[in-house]
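# Summary of structural features
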Amino acid sequence: MHVGLFIPCYIDQFYPNAAIATLKLLQKLGVKVSYPIHQTCCGQPMANSGFEHLTTGCNDLFIKNFAEFDYIVSPSGSCVLHVKEHLHSQEEEEKAVNVRKKVYELTEFLTDVLKVDKLSARFPHKVGVHQSCHGQRGLKMSQMTELVAAPFSKPMQLLQMVQDLELVELSRPDECCGFGGTFCVAEEAISVKMGKDRVADHVNHGAQYITAADMSCLMHMEGILRRQNSQVKVLHIAEILNAEEV
Amino acid sequence: MNSRAEILSRIKENQPELTSLPAELTAPLQYADPVAMFSTVLGNIGGTTVPVSSYEEIQDHIKTHFADQKRIVSTLPELSQVTEAGWEGQDPHSYEDIDIAVIRAHFGVAENAALWVTEELMQQRVIPFICQQLAVVVQRKDIYSNMHEAYGQVADSVYGFGTFIAGPSKTADIEQSLVLGAHGPKNMTVFIMDLN
Amino acid sequence: MNTGTKDHAGLADIFNEDEARVDWHDETLWFVRAKRDKAAHTLPEWEALRENASKIKDNVLSNLHDYLLQFEAKAQQNGITVHWAADAEEHNQIVHSILKAQGVSRIVKSKSMLTEECHLNEHLQKSGIEVIDTDLGERIVQLAEEPPSHIVLPCIHKKKEEIGELFHEHLGTPKGESDPQFLTAAARVHLREKFLTRKAAITGVNFAIAETGEFVVCTNEGNADMGAHLADVHIACMGIEKIIPKRKHLSVFLRLLARSATGQPITTYSSHFNKPRAGQEMHLILVDNGRTRQLGRADFRNSLKCIRCGACMNTCPVYRRSGGHSYHTAIAGPIGSILAPNLDMKEYADLPFASTLCGSCTNVCPVKINIHEQLYKWRQVIVKEGYADTKKALAMKAMDFTLSSPFLYKTAGKAGRWVIKNAPFMVNNKLNAWYKQRDMPEPPKQSFSEWYKKNNNE
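A quick note: this is a predicted structure, and the numbers were derived from the prediction, not measured.

### Observations concerning the interface of chain C and chain B
Between chain C and chain B, the residue contacts involve 95 residues of the former and 72 residues of the latter. Of the roughly 6,800 Å² buried at the junction of chain C and chain B (both faces included), carbon and sulfur atoms supply 60%. On the chain C side of the interface with chain B, the three residues burying the most area are His65(C), Arg188(C) and Arg247(C), jointly 11% of the side's total. On inspection of chain C and its partner chain B, the count reaches 6 salt bridges. Here Glu72(C) makes a salt bridge to Arg4(B), at a shortest N to O gap of 2.7 Å. Our count for the chain C to chain B interface comes out at 50 residue pairs in polar contact (both at pLDDT 80 or more). Taken together, the residues that form the side of chain C that touches chain B break down as 43 nonpolar, 26 polar and 26 charged. Of the pairings in the sheet, the one linking strand β8 (residues 161–165) of chain B to strand β9 (residues 269–273) of chain C comprises 5 bridges and is antiparallel in character. The residue bridging Gly162(B) from the neighbouring strand is His272(C), located in β9(C).

Structure below.
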């Protein structure tokens, strides 16, 4: 099995540790992983702003970088959802279809493809899980509170395998954090208010860390936590699943 | 082209290819004891259930509980001892001062405590709405579990006006505080009659 | 989006000046969402019901032409006068002409979002006809000279003290009295006088049955019935999409409607109007006003399945924190944001962007409208039609140029971290909107690509 590692642009440049943890975790689980060095961005920021028609360059490059792999894995539910729903190609639509089928968010890849049932990780802290909307409602990584259906959560299932980790319960387990791509600046007031409320739910329930399968939500919440001089930190789920604190 | 023709032609042009109606819902929720469920739900939405086994019991209840009410009307001849005579067939506005109206319902629904009442059971359409308090008599055997069964009962019956009534009139428009008695009845009593 | 003075973001900024009030608004609506969840969970078949309702509505849209004709014929047989209105203006004229023929100059009206959409009150008032809204929430916003901020809870944005003040001024209640029970009792007395003296009543329509020609009006307060059963003339106004095929389909919709809206198992009254009462005139107006156009848009037509429960508003994290008025249209919230661009794409170009696309709206929708997907699709249409703000358009082109070229991306990245300047959270027309209330991420020593090149020479 050869996996192509898809690292979204903002993770590449701001959160290399999340990417490194993803790579190491996959390698630890015996997967052959390569990172196509010429990758840039999936085009989501443009598409969500109404400029999907301008993403052909991004799409073609994405296909070129990733078409050859057995699976494409990324530590971002949102970017994966974008690729799954909106990646097309005028010349090579067959390849695009194939890419859309084999792209996975990291935690769903671990639970659904690798069928991981144990991890050698230890993280002795209280952790709040932020269910990022695109991963949860888009990729169906966790059951949604709106539906009358049996609960499950792929990220939580994995976190429960981490030694000494304590999950905190939230008042609103799957409310949006308000990042929303360009929404975070175009609707600055609402975005910030949503972020403050989301952070408060975690903090009020004693979380020392907020984790998620999407770094963009965490970046937004981190911006708020740091402005508040909070001791609470954000950490991508890969970093916890790969943690070896003693 | 007039608007009717114009609208219809635009619809014809724009409506998508015909899709079929879905099969009816299979096995909607049934309650082991629909009457108990009805009473619980009615209580939750601000009404009261009174089990009775005869019209005398209803009359006694009215005498004891509503003794101070001035104007009590009913469409049930069985209750003529305690209700006003000759009130029917007036201008609907004249019923503004009715304190209590007692009417019959065709049946009730356990899942939402709604009672199906058609025009001929009201005397006048405005009666169940304009009265200060409403009382409804329903037979115990006529309480169904859910709305699918309910519309099975309504079927293709003919009425000028019919309504499901579930509890007293209410509003929560001011800060989501529930207040009973918005424009219609301030409370609702349901006599569940078991003639056996 | 630059759509003049009233865009969603600008109005939301104003709403957010009072954070405690935003918290209160958010909590109040979240409470309604929680009640909805509880009610939905009482029915194990909830998801199957939604699916059923959605399919029935699909059938309606695919056969609307014939259903309308069937409905019209039956309704006429039942003694109802049926009118057709192509747009808001014609609708308002029809109402006016009916009232004029009767010599009526004072009327009562129960809740109808269609008449809000058509601005009927303003139209009638200009012609010297007094309209009293009889739904308590609507009466309150009418006294405040504001539009409703929510389709089910029209004055959810108002605090009881403010309502007390309004009632003191208009209804003569004691100053400082703000108890909801007391204020509701005062409104009851005030509005009862109106019901007893007005000769014409307008109601909305929740469902109209093709098979029987009857229409159903749902209220909790009983105001539609009080108006209709006391008036000599009853005018019911409905959008053409309110048709459902058969009477028995009401079982599906009535199970879903109130549970989705407020968490009640059913509204207090679900009144089926089949024939006028003896001596009464009953009119029904079928209104298009852009609906046939929306029917022709494959990506957006299923917005016409909406039954106006308001669940998408209650669950929307943006609506809860920006208030209904920030949407500057009759129907606020997520559903309003996919309906409004059909009415006026330029005026409402901002609304599809007033969302994080979180998808909660789609999940609560009782007729399974894919609201968040339509928001995304409207964004594409609005940009292509040229209603996007031009600065944003230029930035987006530059972004694609850089992102589709690995060389430019890496070079730009090295020269001061390209993403810092151009990442989604920085590309916009507002100066440093990220930094106003949030810290920037701390740039690491090296990017992942740089790390990878050093550590993983394959």
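### So, the packing of helix α3 (residues 46–62) of chain C against helix α12 (residues 250–261) of chain C
Residue and element names in this part refer to chain C. Contact geometry for α3 and α12: axes closest at 10 Å, N-to-C directions at 115 degrees. Classified by chirality, the crossing of α12 by α3 is left-handed. Residues Trp 46, Leu 49, Arg 50, Asn 52, Ala 53, Ile 56 and Lys 57 of α3 form the contact with α12, whose participating residues are Val 252, Phe 253, Arg 255, Leu 256, Arg 259 and Ser 260. In the contact of α3 with α12, the residues fall into 7 nonpolar, 2 polar and 4 charged.

### Quick word on helix α5 (residues 77–86) of chain A
Residue pairs spaced three or four apart in an α-helix point in one direction, given the helix's 3.6 residues per turn. Most of α5(A) is tucked away: 8 of the 10 residues are buried. If you check which residues of α5(A) are buried, you get Gly77(A), Ser78(A), Cys79(A), Val80(A), Leu81(A), His82(A), Val83(A) and His86(A).

### Topic: the nonpolar core
A general tendency of soluble globular proteins is for nonpolar side chains to be buried together. In terms of nonpolar packing, the biggest core is built from 159 residues, with Phe215(C) and Ile243(C) touching the most fellow members. Ranked by the residues each element gives to this core, the list is headed by α12(C), at 7 residues. When near neighbours in sequence (up to four residues on either side) are disregarded, Phe215(C) contacts Ile80(C), Thr203(C), Val205(C), Phe207(C), Ala208(C), His234(C), Ala236(C), Ser271(C), His272(C), Phe273(C), Met282(C) and Leu284(C). The next biggest cluster of nonpolar side chains, apart from the first, holds 82 residues, and it includes Val73(A), Val116(A), Val129(A) and Leu158(A).

### A few points about the environment of Pro77(B)
All names here are of chain B. Residue placement: Pro 77 occurs in the loop between β2 (72–74) and β3 (100–104). Accessibility expressed as a relative area gives 61% for Pro 77, which makes it exposed. Expressed as a C-alpha distance, the spacing of Pro 77 and Val 190, which sit 113 residues apart in the sequence, is 17 Å.

### Concerning the pattern of salt bridges
Summed over the entire model, instances satisfying the criterion amount to 56 salt bridges over all chains. Here Glu188(A) ties to Lys436(C) by a salt bridge, and the two come within 3.5 Å at their closest N and O atoms. Residue Glu188(A) is found in helix α11 (residues 188–204), and its partner Lys436(C) is found in helix α22 (residues 433–437); the two belong to separate chains. Arg321(C) is the salt-bridge partner of Asp197(A), the closest N and O atoms lying 2.7 Å from each other. Within this pair, whereas Asp197(A) is found in helix α11, its partner Arg321(C) is found in helix α15 (residues 317–322), the two belonging to separate chains. Taking the relative accessible area as the measure of exposure, Asp197(A) reaches 18% and is therefore buried. Through salt bridges with shared partners, a single ionic network connects Arg172(A), Glu175(A), Lys193(A), Lys196(A), Asp197(A), Glu19(C), Asp23(C), Asp26(C), Glu27(C), Arg320(C) and Arg321(C).

### Observations concerning the layout of surface pockets
Residues and elements named next belong to chain C. As a volume, the second largest pocket reaches approximately 800 Å³. In this structure, the second largest pocket is lined by 40 residues; those nearest its centre are Glu 116, Glu 117, His 119, Thr 329 and Ala 330. Residue assignment for the lining of the second largest pocket shows that the elements contributing at least two residues are α6 (113–117), α7 (120–126), α8 (136–143), α13 (291–295) and α16 (333–343). For the lining of the second largest pocket, the element with the most residues is α16, which contributes 5 residues.

### Here we look at the sheet that holds strand β6 (residues 166–167) of chain A
Residue and element names in this part refer to chain A. Read from one edge to the other, the open sheet built from 4 strands follows the order β6-β5-β7-β8, with strand pairing classed as parallel. Among the strands making up the open sheet, the edge pair consists of β6 and β8 (233–236). By the bridge criterion, 2 bridges tie strand β5 (residues 126–129) to β6 in an arrangement that is parallel. Within β6, the residue paired with Val 127 across the bridge is Leu 167. Here helix α12 (residues 215–227) sits on the sheet in contact with β7 (209–212) and β8, set at roughly 165 degrees to β8.

### Some details on the interface of chain C and chain A
Taken together, the contacts link 84 residues of chain C with 74 residues of chain A. Interface area lost by chain C to chain A is led by Tyr376(C), Arg438(C) and Phe448(C), which between them contribute 10%. Applying the counting criterion to the chain C and chain A interface returns 12 salt bridges. Across the pair Arg321(C) and Glu175(A) runs a salt bridge, and its minimum N-O distance is 2.9 Å. Run the count over chain C and chain A and you get 34 residue pairs in polar contact (both at pLDDT 80 or more). If one sorts the elements of the side of chain C that touches chain A by residue count, helix α2 (residues 19–40) of chain C sits on top with 10 residues. Within the side of chain C that touches chain A, the residues separate by chemical class into 39 nonpolar, 19 polar and 26 charged.

### Topic: the packing of helix α2 (residues 16–28) of chain A against helix α7 (residues 106–113) of chain A
Residue and element names in this part refer to chain A. Relative orientation of the contacting elements α2 and α7 amounts to 10 degrees, with a least axis distance of 11 Å. When the axis of α2 is compared with that of α7, the two are roughly parallel. Residue-level contacts link Thr 22, Leu 25 and Leu 26 of α2 to Leu 106, Phe 109 and Leu 110 of α7. Per-class residue counts for the contact of α2 with α7 are 5 nonpolar, 1 polar and no charged.

### A closer look at the domain arrangement of chain A
Interfaces are frequently sized by the accessible area removed from exposure as the parts join. Residue and element names in this part refer to chain A. Each domain of chain A was delimited in the assignment, giving domain 1 (2–113) and domain 2 (126–241). A C-alpha centroid distance of 21 Å is found between domain 1 and domain 2. Domain 1 puts 25 residues into the contact, and the matching count from domain 2 is 21 residues. Each partner contributes to the roughly 1,900 Å² buried at the junction of domain 1 and domain 2, and carbon and sulfur atoms together form 67% of this total. Residues Asp 112 and Lys 154 are paired through a salt bridge, measuring 2.7 Å at the closest nitrogen-oxygen approach. The interface formed by domain 1 and domain 2 contains 10 residue pairs in polar contact (both at pLDDT 80 or more). Elements that contribute at least two residues to the side of domain 1 that touches domain 2 include exactly α1 (9–14), α2, α3 (44–51), α5 and α7. Broken down by element, the side of domain 1 that touches domain 2 gets its largest block of residues, 6 residues, from α7. Split by residue class, the side of domain 1 that touches domain 2 holds 11 nonpolar, 10 polar and 4 charged.

What counts, and at which threshold
- Residues numbered from 1 in each chain as written.
- Chains lettered and ligands numbered in written order.
- Predicted model: local features only at pLDDT ≥ 70, side-chain atom pairs only at ≥ 80, totals over all residues.
- Heavy atoms only, no water.
- Contact = heavy atoms within 4.5 Å.
- Buried area = accessible area lost by both parts, 1.4 Å probe.
- Salt bridge = Lys/Arg side-chain N within 4 Å of Asp/Glu carboxyl O.
- Polar contact = N/O pair within 3.5 Å; in protein donor to acceptor, adjacent residues only side chain to side chain.
- Nonpolar A, V, L, I, M, F, W, Y, C, P; charged D, E, K, R; others polar.
- Pairing = 2+ DSSP bridges.
- Helix = DSSP H or I, 4+ residues; strand = E, 2+ residues; numbered from the N terminus.
- Axes fitted to C-alpha atoms, helices over the stretch in contact; angles between N-to-C directions.
- Left-handed = near helix turned anticlockwise from the far one by under 90°.
- Buried < 20%, exposed > 50% of the residue type's maximum accessible area, 1.4 Å probe, protein only.
- Core = buried A, V, L, I, M, F, W, Y, C linked by side-chain atoms within 4.5 Å.
- 1 Å grid on protein atoms, 1.4 Å probe; cavity = no way out; pocket = protein on both sides within 12 Å on 5 of 7 lines; lining within 4 Å.
- Points joined across faces, edges and corners; volume = space filled by probe spheres on them.
- Parallel < 35°, antiparallel > 145°, perpendicular 65-115°, else oblique.
- Domains from an automatic or database assignment.

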